[in-house]
Amino acid sequence: AAEQAAAQQAAQEQAQAQAAQQAANASAAAASATTTSTTQTTTNKGTFKLSFYDPAVLGSNMGYDGVAANLSVFPKGTRLKITLSDGTVWYRTVNDTGSFANGNPNQLDVAMPNSQIPSAGVMTATVEVVG
């Protein structure tokens, strides 16, 4: 009877250990499945004048995700959030400068295919630095 009670006790302890391990595994799985939303921090730099250019027309292969800026205002590699007055948001990275930048530090030259350049030609937008 004592041996049977000891075996029963050992079986209960083993079952408890397995249950604890399963609970730990479930908790770990739930933690890894939980998506953490990272809040994107931005710093508002004000209103900028936007002009547009098609780098492909200029013989460049830099693509369309860039923007030319005054590098003393936005160094190369700066990630920008550009919000137009209609609520449209573009994310661009400063990858170039233009001769215009020396004379106007509040202007950005946005890379875009000619077919998508707004008919207004020059616009204004709120510009924020991302990060």
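Look a little higher up for the structure.
Residues numbered from 1 in each chain as written. Predicted model: local features only at pLDDT ≥ 70, side-chain atom pairs only at ≥ 80, totals over all residues. Heavy atoms only, no water.

Read around the closed barrel, six strands run 1-5-2-4-3-6, paired in mixed fashion. Averaged over all adjacent pairs, the angle separating strand axes in this sheet is 45°, with direction ignored. The pairing of strand 3 (residues 79-84) with strand 4 (residues 89-96) spans five bridges and is classified as antiparallel. Among the inter-strand pairings, R79 is bridged to a residue of strand 4, identified as T93. (Pairing = 2+ DSSP bridges. Helix = DSSP H or I, 4+ residues; strand = E, 2+ residues; numbered from the N terminus. Axes fitted to C-alpha atoms, helices over the stretch in contact; angles between N-to-C directions.)

Our focus in this paragraph is the environment of P55. Considering the arrangement of structural elements, one finds P55 in the loop between strand 1 (42-53) and strand 2 (66-68). Classification of P55 as buried rests on a relative accessible area of 2%. When the C-alpha positions of P55 and M112 are compared, they lie 7.5 Å apart, and in sequence the two are 57 residues distant. Setting aside chain neighbours within four positions, we find P55 in contact with S60, G63, Y64, A111 and M112. (Buried < 20%, exposed > 50% of the residue type's maximum accessible area, 1.4 Å probe, protein only. Contact = heavy atoms within 4.5 Å.)

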